Amino acid sequence: MFRLIISCIVMAALVSCKEKREEVPNQPKEESLYKEEYRPQFHFSPKEKWMNDPNGLVFNQGVYHLFYQYYPEDIVWGPMHWGHAVSEDLVHWKHRPIALYPDEHGYIFSGSAVVDKKNTSGFGANGKTPLVAIFTYHSMEGEKAGRKDFQTQGIAYSLDNGDTWKKYKNNPVILNDGIKDFRDPKVFWHEPSDSWILILVAGDHAKFYSSKNLKDWTYLSDFGKSQGAHGGVWECPDLFPLKVEGSNEEKWVLIISINPGAPNGGSGTQYFVGDFDGTTFTSDQKNPKWFDYGTDNYAGVTYNNVPEEERIFIGWMSNWDYARDTPTKKWRSAMTVPRKLSLHKVADDCFLTNYPIDKISGLTNSTLVNEVEVAANTSDTLQVEGLNQSEIRLRTAAKNFKLLFKNELDEAFVMTMDSDNQIFSVDRTLSGKVDFQEDFGAKKHVAPLNGIEGDVKEFKILMDWSSMELFVDQGMLSMTEQIFPTSPYHTLIIVNEDKQAPIAIESIKKMQSVW
Ligand code: FRU
């Protein structure tokens, strides 16, 4: 009887609670989350508010961490925090509480994280291995006062695999002697010298430092004042060794983001292939090589401490030219899919390729189109519901062709293979909403075909609700673009302008949502 009375009271309370909840006006409905207009379905985006660069990419205790530049109060850039998400497979993400908040030294700008296995920092306690974050402090007061030393480097540590963080009491650990842009430290363990190496950017070049304990840093060297692209400020460096595919040769790759000065305007990422001896990075390369020829892959860096020594990269899928203006309401911007990096030699020259990790293709479920061949000199129109959340694969030796993704409003996103002019282009000028900012839809974006001429080329296209990622020949060429169609694309037109070669649409598959 007593039990019955209690359960009646509980039931009544629940009912009245529910009624109360229903009374609250303008409560966002839970089920609408991640179903909003333009919300990516298989890319990472924050639940709400502004996000830019990926930060502190590190694998630890079975978990891939993704920290990111985050402003929790608005959908435009503001006082920077480190947002945080975790994943066991780099595909499905769980949001975690904000990891790092601004403090008396400034906003928390981009940086990296390491697993301090030998407890070199002494932050470890009770047998717990510290996760150490190394980031830039940006002092707004310093900047406003017209000083040049307002960016310094600080550290913080976590003993619970990233859930809670403590800033180091003697921050900052690297001071600034008057370099206006002095930021984005990437740290990794360098076994041969038994030390930590830190690389940061200083306006038009990179600087290297070393440390035994992550707290005391010694300057080593500079790289890049007279090499590569210099149309803007260098940002978000990364440095790592990679084996040349099919050989035992090891080279070091230096990644540098630059803004502005990218090949198709605004923000972009260049790389250098060379050697690193523990002190100095050298490369014969005078001209930049570009990581991605689209306009929406910026500030990308790679994971530390990944098993099997794979090099996995995530970039911010936006561009400072229009990042603040894109037409989403609840959140702004997403990350690229995680991509595996490899080095390939073509005629004695080394190229860095980037290609979605296999687990992304594991998200394909229903096949929407299977094995359609478009003969030479013909075209075909496929009606495909679900193009905006799909993986498209094709193979062809056709030297000239077009792919048009269209909706009923005649909005079209167009890709063109133009071997006569040795270019591949993507054109979003009429792809949907483009007028929110003048540069976004101003011109088509072009990539040179060098390095990818071969007989048969293989194309993989990942379309999500507000992005397109193209990979030719396993990532020898990649182009990443944001798109905002007013209504979903449902028609794919393939125009084969080649006189001999057919185009094989191998498959179009629907991608599962990870949210
Ligand atoms: C790159 C960048 C970094 C900086 C961060 C600030 O997009 O400008 O250089 O640390 O964003 O949010």
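Keep in mind the model is a prediction, meaning the values are calculated, not measured.

Okay, the side chain of Thr-396 next. Secondary-structure assignment places Thr-396 in strand S25 (residues 390–396). Under the relative-accessibility criterion, Thr-396 is labelled buried at 2%. In terms of polar contacts, Thr-396 uses its side chain to reach the backbone carbonyl oxygen of Pro-502, at 2.8 Å. Setting aside residues up to four positions removed in sequence, Thr-396 forms contacts with Phe-401, Asp-455, Val-456, Lys-457, Phe-459, Pro-502 and Ile-503.

Bringing the confidence of the model for the chain into the picture now. Averaged over all residues, the pLDDT of the chain equals 93, while 93% of them reach at least 70. For residues 1–25, every residue scores under 50 in pLDDT, and the model assigns this stretch zero contacts once sequence neighbours within four places are set aside.

Next up on the list: the site of the ligand. Asn-52, Asp-53, Gln-69, Trp-77, Met-80, Phe-109, Ser-110, Arg-183, Asp-184, Glu-235, Tyr-298 and Trp-320 make up every residue found near the ligand. Between an oxygen atom of the ligand and a side-chain N or O atom of Trp-77, the distance comes to 3.0 Å. Look at the ligand: alone it shows 320 Å² of surface, and the protein chains cover 95% of it. Those elements that place two or more of their residues in the shell around the ligand are strand S1 (49–60), strand S5 (107–115) and strand S9 (183–190). Residue composition of the shell around the ligand, grouped by class: five nonpolar, three polar and four charged.

Membership of the largest hydrophobic core comes to 54 residues, with the highest contact counts inside it found for Phe-405, Met-415 and Phe-424. In terms of residues, this core owes the most to one element, strand S14 (residues 250–259), which gives four residues. With 41 residues, the next largest nonpolar core counts Cys-236, Val-306, Val-337 and Ile-357 among its residues.

Most of strand S30 (residues 457–464) is tucked away: eight of the eight residues are buried. Neither face of S30 is open: one carries Lys-457, Phe-459, Ile-461 and Met-463, the other Glu-458, Lys-460, Leu-462 and Asp-464, and all of them are buried. Direction of pairing for S25 relative to S30: antiparallel, over a ladder of seven bridges. Along S30, the bridge assignment pairs Thr-396 with Lys-457. Across six bridges, the pairing between S30 and strand S31 (residues 467–472) is antiparallel. In the sheet register, Met-463 faces S31, and the bridge partner there is Met-468. The turn joining S30 and S31, which pair antiparallel and follow one another in sequence, is formed by two residues.

Take the sheet that holds S5 next. Across the sheet, four strands lie side by side as S5-S6-S7-S8; this open sheet has antiparallel pairing. Edge positions in the sheet fall to S5 and strand S8 (166–167), since each has one partner strand and no second. With two bridges joining them, strand S7 (residues 151–158) and S8 adopt antiparallel strand pairing. Along S8, the bridge assignment pairs Tyr-157 with Lys-166.

This brings us to unusual backbone geometry. Between Asn-171 and the following residue, Pro-172, the backbone shows a cis peptide bond with an omega angle of -10 degrees. Mapping Pro-172 onto the fold places it in the loop between S8 and S9. Here the residue pair Asn-259 and Pro-260 is connected by a cis peptide bond, since its omega of -10 degrees sits within 30 degrees of zero. You will see that Asp-194, though not glycine, has its phi angle at about 50 degrees, which is positive. Structurally, Asp-194 is set in the loop between S9 and strand S10 (195–201). When its relative accessible area of 39% is taken as the criterion, Asp-194 is described as partly exposed. A positive phi angle is found at Leu-214, which is not glycine, with a value near 70 degrees. Its place among the elements puts Leu-214 in the loop between strand S11 (206–211) and strand S12 (218–223).

In this section: the pattern of salt bridges. As a working rule, side chains carrying opposite charge can pair if their charged atoms are close by. Enumeration according to the criterion identifies 24 salt bridges in this entry. Here Lys-345 and Glu-249 are joined by a salt bridge, their closest N and O atoms 2.9 Å apart. With a gap of 96 residues between them, Lys-345 in strand S21 (residues 339–346) and Glu-249 in the loop between strand S13 (233–243) and S14 connect regions that are remote in the sequence. Classification of Glu-249 as partly exposed rests on a relative accessible area of 34%.

Cut-offs applied
Residues numbered from 1 in each chain as written. Predicted model: local features only at pLDDT ≥ 70, side-chain atom pairs only at ≥ 80, totals over all residues. Heavy atoms only, no water. Helix = DSSP H or I, 4+ residues; strand = E, 2+ residues; numbered from the N terminus. Buried < 20%, exposed > 50% of the residue type's maximum accessible area, 1.4 Å probe, protein only. Polar contact = N/O pair within 3.5 Å; in protein donor to acceptor, adjacent residues only side chain to side chain. Contact = heavy atoms within 4.5 Å. pLDDT = per-residue confidence, 0-100. Near = heavy atom within 4 Å. Areas by Shrake-Rupley, 256 points an atom, 1.4 Å probe, with all protein chains shown as cover. Nonpolar A, V, L, I, M, F, W, Y, C, P; charged D, E, K, R; others polar. Core = buried A, V, L, I, M, F, W, Y, C linked by side-chain atoms within 4.5 Å. Pairing = 2+ DSSP bridges. Salt bridge = Lys/Arg side-chain N within 4 Å of Asp/Glu carboxyl O.

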